[in-house]
Amino acid sequence: MSIPIEIAVPMPVRRYVGVAERLMMTALPADTCVIVYGLLSAYWLRFYTPLSDYGKHAESALRDYAGYMVFGTVLMVLTLAYHRLYSKQTLLRHRRVSLLVLKSGIVWLAAFATLTLVFKFQPPLSRLFVVLAGVNTTVGLLIWRNIFHRLVRASPMAKSLKQRVLFVGWSAEAERLSRTFRDDEACAYEVVGCVPSPRGRFEQEPSDMVTVFPPSPNLACLFVQEYVEIVILGDVECPRNEIVALTNLCEKEMVEFKMIPSYFQILVSGLHLETINGVPLLGVSRLPLDKLPNVLLKRALDIVGAIVGLMLSVPLILIFGTLVYLESPGPIFYRQRRLGQRGVEFDIFKIRSMRIDAEKNGQVGWTVANDPRRLRIGAFMRKWNVDEVPQFWNVLKGEMSLVGPRPERPELILNFKEEIPHYNARHNVKPGITGWAQTKGLRGDTDLTERIKCDLWYLEHWSALLDLQIMVMTFVKNENAT
């Protein structure tokens, strides 16, 4: 493919920006209408259905609640905007939009009720109305946004919503990022191809799936020809002066510039830029679970979950403990040393799923598929994670969490910190009964590098909702449960 060398053409107006802005300007008033409808329907349900007999409330005409509805509508729109629902990157991501709507609904419900109570507006606000309004508006927005997403994906404009990305230089990280863009249909980015860095070579040869452009002394022409909107520098060893020249070129051509960091290949969502006496410093900042409120929230969820889990697991332990004893007489519980937070060892508890003499030779190893040491009932227990239920006691004691990286045996991971990059970073939090890696089928004798990547992703993106999501996924995803 030949590329003109000296064509001085101004950068065309980005079609992406126009389409995205029009869609967002369509979504905003539609969201507002849905919110108003949710509030009106909540008012009707509260005062004109059998729910009107519930509790004590003053007779309120619609005009008395008009101010509440205006306030609630504005508050919900602001909450959605705060959670970046009206960002270009969310237009093709239905699951992310649904999650943002759910988060916004919860925040709105708490904020609306709190503000109206603190300021003691008149007439007094019905608490049932607030709950109904929160449910109605959230459900209404989820339904409407699902319809909107389907319409957008089916329209010819969907392709123009993807920002066109050009890689300058190529590396293993660029390959992984490009593959992520390619495999995710809802991704907001489309890879145009790659061009050698100013050094004139690639750190790693691109795959056949990527278009490779020949070296060009005039990248601006390539930007125009391929409608490039984002440049990603994938050459982590590019000289500083070449990086500065490339960023200046992107600025002149109105192209976004991004680069893959060369020194921070771990916990990148925690990168933070600060200045000290005007000198910029880039470093790894605090992660979500480094913040005390998040630690307390996670611990509270662990305590409640552990108590409920222990109460619910008693009949399971009795039933499966009996079956284990009948098949293989001996202790029904299995105690094993594991590595916990900050490398502190502790005893983990399980319902025994293997024979008594499973490690009679003193040799330890990973559990493998169709392990001959496994009991018949053990196969079922492992598939449905029943053998893990005694670990609720470890959670209650504070040695484990409901969700987190799975704890490993010290003797099996003695050299992992030297062999696997960033392995010990997973020990910054408490290990969990289940984790993000387990929902991806990465358990037992599977790729440790991929498991570590999942654990680090969890550390970077932790939230209470993510923990709840992982707990639900644990029951429906049991790949490689050996």
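Report on the accompanying structure. On a predicted model such as this, the values are computed, not experimentally measured, just so you know.

### Re the pattern of salt bridges
Side-chain pairs of opposite charge can arise where the charged atoms are in close proximity. On inspection of all chains with the given rule, the structure shows 13 salt bridges. Taking the shortest distance from any N to any O, the salt bridge between Lys 258 and Glu 256 comes out at 3.5 Å. Given the relative accessible area of 37%, Lys 258 is considered partly exposed. Taking the relative accessible area as the measure of exposure, Glu 256 reaches 34% and is therefore partly exposed. The closest approach of N and O atoms between Lys 350 and Glu 388, which form a salt bridge, is 3.8 Å. Remark: Glu 388 occurs in the loop between helix H9 (376-383) and helix H10 (391-397) and Lys 350 occurs in strand E8 (residues 345-351); sequence separation between them is 38 residues. When sorted by exposure, Lys 350 lands in the same class as Glu 388, which is buried. Each of Arg 335, Arg 337, Glu 345 and Asp 347 takes part in a single network of salt bridges with overlapping partners.

### A word on the environment of Gly 340
Inspection of the secondary structure assignment puts Gly 340 in the loop between strand E7 (333-339) and E8. The exposure class of Gly 340 is buried, given its relative accessible area of 2%. Each C-alpha atom of the pair Gly 340 and Arg 406 lies 9.1 Å from the other, and the pair is 66 residues apart in sequence.

### Brief notes about the sheet that holds strand E1 (residues 163-168)
Judged by pairing direction, the sheet is parallel, and its four strands sit side by side in the order E2-E1-E3-E4 without closing on themselves. Every interior strand has two partners, whereas the edge strands, strand E2 (189-195) and strand E4 (256-259), have only one. Each strand axis lies, on average, 25 degrees off the axis of its neighbour in the sheet, ignoring direction. Bridge count for E1 against strand E3 (residues 230-233) is four bridges, and the pairing is parallel. Bridge pairing links Phe 167 to Ile 232 in E3. Lying on the sheet, helix H5 (residues 172-183) is in contact with E1, E2 and E3; it crosses E1 at an angle near 165 degrees. Sitting on the sheet, helix H7 (residues 240-252) touches E1, E3 and E4, and the angle it makes with E4 is about 150 degrees.

### Points about a nonpolar patch on the surface
Nonpolar side chains collect at one region of the surface, where Val 131, Val 135, Val 139, Ile 143, Ile 147 and Leu 151 lie side by side and expose about 520 Å² of accessible area between them. Positionally, Val 139 belongs in helix H4 (residues 127-154). What makes Val 139 partly exposed here is its relative accessible area of 41%.

### So, the packing of aromatic side chains
Summed over the entire model, instances satisfying the criterion amount to 13 aromatic pairs. Consider the rings of Trp 436 and Trp 457, whose centres lie 4.8 Å apart with planes at 20 degrees: the pair is stacked. A residue pair is termed long-range when its members are at least 10 positions apart, and Trp 436 in helix H12 (residues 436-439) and Trp 457 in helix H13 (residues 448-461) qualify at 21 residues. For Trp 457, a relative accessible area of 33% gives the class partly exposed. Geometry around Phe 47 places Arg 46 over its ring, the cationic atom sitting 5.7 Å from the centre.

What counts, and where the lines are drawn
Residues numbered from 1 in each chain as written. Predicted model: local features only at pLDDT ≥ 70, side-chain atom pairs only at ≥ 80, totals over all residues. Heavy atoms only, no water. Salt bridge = Lys/Arg side-chain N within 4 Å of Asp/Glu carboxyl O. Buried < 20%, exposed > 50% of the residue type's maximum accessible area, 1.4 Å probe, protein only. Helix = DSSP H or I, 4+ residues; strand = E, 2+ residues; numbered from the N terminus. Pairing = 2+ DSSP bridges. Axes fitted to C-alpha atoms, helices over the stretch in contact; angles between N-to-C directions. Contact = heavy atoms within 4.5 Å. Patch = residues over 30% accessible without salt bridge, like charges linked within 9 Å, V, L, I, M, F, W, Y side chains within 5 Å. Areas by Shrake-Rupley, 256 points an atom, 1.4 Å probe, with all protein chains shown as cover. Phe/Tyr/Trp six-rings, centres within 6.5 Å; stacked < 30°, edge-to-face > 60°. Lys NZ or Arg CZ within 6 Å of the ring centre and 35° of its normal.

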